[in-house]
Every structure is written in structure tokens, then in C-alpha cells.
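Survey of secondary and tertiary structure
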Protein chains: 2
Amino acid sequence: MRLTTKGRYAVTAMLDLALQEGKRPVTLQDIAVNQEISLSYLEQLFAKLRKSGLVQGTRGPGGGYRLARKMDAISIAEVISAVDEKADMTRCGGNADCLDGEKCLTHELWSELSNKIFEFLNGITLGELVHRPEVIAVAERQEAVREGLRTGRLKTVVVEADAIIGNLK
Amino acid sequence: MRLTTKGRYAVTAMLDLALQEGKRPVTLQDIAVNQEISLSYLEQLFAKLRKSGLVQGTRGPGGGYRLARKMDAISIAEVISAVDEKADMTRCGGNADCLDGEKCLTHELWSELSNKIFEFLNGITLGELVHRPEVIAVAERQEAVREGLRTGRLKTVVVEADAIIGNLK
DNA sequence: CTCAAATCCAACCTGTTTACTTGGTTTTCA
DNA sequence: TGAAAACCAAGTAAACAGGTTGGATTTGAG
């Protein structure tokens, strides 16, 4: 179980999906804006999530992504291992032949830790996260922004910000 | 608390030091051979370990490295954070301003995990590892090889291996 | 006293991964 | 039929891993 920002991005995006379950499918554009992740990077992550059977995409206007399963049946560990294909960063990460076909000095230590991390992340589902108070709080703030964008109240602010960013480049 | 092979190398090397505590100082050459880590890479790691006050080196022939403290007073977490200077791989690794100065959706999740990992690694010392049966077993095997090298019993094998490796290059 | 063993130090290098961009093609709803 | 969306392929800058090269300095052992 590797822990990288890649995995974190994936979990954040999946959580965004879970938060909007029941509504129309969520576009990557939407997630990109909300979570501040680049659209094409999201595309790459979601290609893997789709291949792992965690999400399903529907094309065309009105399309987007939905969770492929109930959110209570998707663990954080699953999401992370879907995007972080283990590029054998091992020596002792894996399967006990780290030193001349024998276990190295610290083999047990790392596999013990690895198990603990996996257990932790495997014991938490998207469904559970959705009900956490701090997640709800952040989601409500984001929803307000989203709503503001739709009704046009924040549009001028965004346009101005874009202009400023444009000038900086 | 980042987890990389770099940290693992450091812990393995420090454990080698702990195992030979009381004898003459351990040379990096020695560790390089035993743990199959390149000498110059070890030098870089030990530069950091020394700056963090975990080891002390003595120069000249007969020199080498010793633990700067009792092995029971050195936790695994300390060793890892000595070599893995946190190159802010964050977004949520650290201090809560991951998204527009606010916490991002998954902030609590990652800090909770991070704490768990730290607690685990901070609760284990080199001294404790030294007494684990599986470590003792591996250490004894390595000690046999070391002894064999000193008495010359394995010298011919090593020389032959060197010749083969030379041919391959 | 000298030489070799060792630490110490700085620079460079190759390959991989991360996070992202560019520039498309395809599907499908409005 | 046009545009919104997923899909796809390639390239890229920066960082990091895990070294190598080539020394300099210190110091014990012969």
C-alpha cells in the first residue's frame, strides 16, 4: 500500500462523487473546479478507476461519472490501489526475498506496518466518510460555491480572478 | 511521516549498528556489504544521521560509526525523519491549508492515518528490534558470513564472484 | 613517519514518477 | 447538428531515488 498524493487525489475525487450520489452524473470538469485538480490529470486517474470497476462513465452532454457500486462497498484502500499500480518500490515492500533470496533485517517491521496501514484504509468506506461531520462541513461550503456559480452570483468574481491569473502568466 | 526506501535503508543500517554495539566502530564498507547498499549512498544517509545527532563517526583506520545514544533511546520514527526531510509532498500532509486556505475534503483522514503511522514507528526502538527473534536469526546468518570472510573460508568464493561480475561488465 | 583506512564532501548522472499540458477522437444528448 | 462530455495518446518540467566519480581530510597501525 503506497501512499502518494496521487492516491489522495483519487480519494478526494471519489468522495466528491459520493457526496453527489443520486443527482445527475458528476463531470470531471466539476471535480476539477471543486477540488482544484487539473482536468486531464483527473481523466488519467478516472481511466484507472474505471478499469478497476469503481466508477462508470457516461458520454455525451449530461454525462459524467457515477460510482459503480454502493458507496458503503468501496473502501479507501481499493481506491488507492486502483491508481497506484505498485511500481515495485520494494526491496522489502513485498514478498520476502529482499536480500539474497532471504528476508532482510527489517522485513517483519515493514510488513507489520504495511498491514496496519492497509487495515486502517480498508476499514473505512466512502459511505462512512460522507457521514463525518468535518466532511459534511467542507462539502456544504463547496456546495455553496457551486450553487453560486450556477446562479451567477459568483461569476464576476471568477472572471476577475481569471483575468488576474492571466496577467500573472 | 513519509515512507520511502530511503528511510528503510537508514533503519536497516542503524539496526546493523545496534547489533554490533560494544564492538569496534562499524564501517560503512561493512554495512554496504552486509545490507547490500552502495557505499556512497550510505555516506549520504549517514551525513544526515550524523547531523541529526543519531550517530557519531570516528575517522581514520579502525574508525567507523557508533550510535550516539543508547539504542533504547532511538525510535524508528526518528531515524526515518532524519533522512527523509519532508519535501512538502503535501497538499494535505501538513498544516490544514490545502484548499484555498481551508481544509480539503479528506484532510482529517490523512492526518489521522499519519498519526497512526507515527505512533507505530515512534513506539519501536532500535533496542527493541535487536531483541526480536527474526532479527536475531537474520543477524546470526550475516555474522556467519562476516566471520567466514574474516577467516578466509569464503574468500575464494567472493574472489570468483568478483571475477564473474567483472566479466559481465 | 608514513601510508592506507576511514570519514567527510561536492558534483554529477540515469531512470522513474508526479502532475500537468496539448491536441485530438468518439459518443450522445438537446 | 452542434456542443458537451468521456476517452485517448503523447510529451514535458520538476522532483526524487539510488547511485557514481573524484576527491579532501583525519588518524591509527605498521
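Here is a short report on the structure shown in this document.

Each value, and the rule that gives it
- Residues numbered from 1 in each chain as written.
- Chains lettered and ligands numbered in written order.
- Predicted model: local features only at pLDDT ≥ 70, side-chain atom pairs only at ≥ 80, totals over all residues.
- Heavy atoms only, no water.
- Helix = DSSP H or I, 4+ residues; strand = E, 2+ residues; numbered from the N terminus.
- Buried < 20%, exposed > 50% of the residue type's maximum accessible area, 1.4 Å probe, protein only.
- Contact = heavy atoms within 4.5 Å.
- Least-squares fit on C-alpha atoms with pLDDT ≥ 70 in both.
- Buried area = accessible area lost by both parts, 1.4 Å probe.
- Salt bridge = Lys/Arg side-chain N within 4 Å of Asp/Glu carboxyl O.
- Polar contact = N/O pair within 3.5 Å; in protein donor to acceptor, adjacent residues only side chain to side chain.
- Pairing = 2+ DSSP bridges.
- Core = buried A, V, L, I, M, F, W, Y, C linked by side-chain atoms within 4.5 Å.
- Phe/Tyr/Trp six-rings, centres within 6.5 Å; stacked < 30°, edge-to-face > 60°.
- Lys NZ or Arg CZ within 6 Å of the ring centre and 35° of its normal.
- Axes fitted to C-alpha atoms, helices over the stretch in contact; angles between N-to-C directions.
- Parallel < 35°, antiparallel > 145°, perpendicular 65-115°, else oblique.
- Left-handed = near helix turned anticlockwise from the far one by under 90°.
- Nonpolar A, V, L, I, M, F, W, Y, C, P; charged D, E, K, R; others polar.

Quick notes on the environment of Ile-117 of chain A
Along the polypeptide, Ile-117 of chain A turns up in helix H5 (residues 107–122). The class for Ile-117 of chain A is buried, based on a relative accessible area of 4%. With sequence-adjacent residues up to four places away left out, Ile-117 of chain A is seen in contact with Met-1 and Leu-3 of chain A together with Leu-3, Leu-113 and Ile-117 of chain B.

Focus: the relation of the copies chain B and chain A
Between chain B and chain A, the superposition needs a rotation of 180° and an axial shift of 0.1 Å, giving an RMSD of 0.1 Å. The operation mapping one copy onto its partner corresponds to a two-fold rotation axis. A high fraction, 100%, of the interface residues of chain B reappear at the interface in chain A, so the copies pair face to face through one surface.

Observations concerning the interface of chain B and chain A
As a measure of interface size, the accessible area lost when the parts come together is often cited. Contact residues are listed per partner, giving 43 residues for chain B and 45 residues for chain A. For the chain B and chain A pair, buried surface summed over both sides reaches about 3800 Å², with 67% attributable to carbon and sulfur atoms. Three residues, Arg-8, Leu-105 and Phe-120 of chain B, lead the burial of chain B against chain A; their summed loss comes to 21% of the area buried on that side. Taken together, chain B and chain A are joined by two salt bridges. With its nearest N and O atoms 3.2 Å apart, the salt bridge here joins Glu-112 of chain A to Arg-132 of chain B. Summed over the shared surface of chain B and chain A, the result is four residue pairs in polar contact (both at pLDDT 80 or more).

Regarding the pairing of strand S2 (residues 64–67) of chain A
Residue and element names in this part refer to chain A. Here four bridges tie strand S1 (residues 55–58) to S2, and the two strands are oriented antiparallel to one another. Paired with Gln-56 across the strands is Arg-66, a residue of S2. Where S1 hands over to S2, the hairpin turn is made up of five residues, of which Gly-60 adopts a positive phi near 80°.

Here's the deal with the side chain of Thr-125 of chain B
Along the polypeptide, Thr-125 of chain B turns up in the loop between helix H5 (107–122) and helix H6 (126–130). Filtering out sequence-adjacent residues up to four positions away, Thr-125 of chain B remains in contact with Met-71, Asp-72, Ile-74, Ser-75 and Ile-76 of chain B.

Some points on the nonpolar core
Met-14, Phe-46 and Ile-76 of chain A together with Met-14, Phe-46 and Ile-76 of chain B are the most contacted members of the largest nonpolar core, which has 85 residues in total. Looking at this core element by element, the count peaks at eight residues for helix H1 (residues 5–19) of chain B.

Description of the packing of aromatic side chains
A full pass over the atoms with the stated rule returns four aromatic pairs over all chains. Ring geometry for Phe-46 of chain A and Tyr-65 of chain A: centres 4.8 Å apart, planes at 45°, overall tilted. Here Phe-46 of chain A is found in helix H3 (residues 39–51), whereas its partner Tyr-65 of chain A is found in strand S2, with 19 residues between them in sequence. On the basis of relative accessible area, Phe-46 of chain A is assigned to the buried category, the value being 0%. For the ring pair Tyr-9 of chain B and Tyr-41 of chain B, a centre distance of 5.8 Å and an interplane angle of 90° mean the geometry is edge-to-face. You can see Tyr-9 of chain B sitting in helix H1 and its partner Tyr-41 of chain B sitting in helix H3 (residues 39–51), a full 32 residues away along the chain. Between the NZ or CZ atom of Arg-8 of chain A and the centre of the ring of Trp-110 of chain B, over which it lies, the distance is 5.8 Å.

Observations regarding the packing of helix H2 (residues 28–35) of chain A against H3 of chain A
Residue and element names in this part refer to chain A. Taken N-terminus to C-terminus, the directions of H2 and H3 make an angle of 120°; their axes are 9 Å apart at the nearest point. In terms of axis orientation, H2 runs oblique to H3. Judged by the twist between their axes, the crossing of H2 over H3 is right-handed. In this structure, H2 uses Leu-28, Gln-29, Ile-31 and Ala-32 to contact H3, whose residues at the interface are Leu-39, Leu-42, Glu-43 and Phe-46. Its residues placed into classes, the contact of H2 with H3 shows six nonpolar, one polar and one charged.

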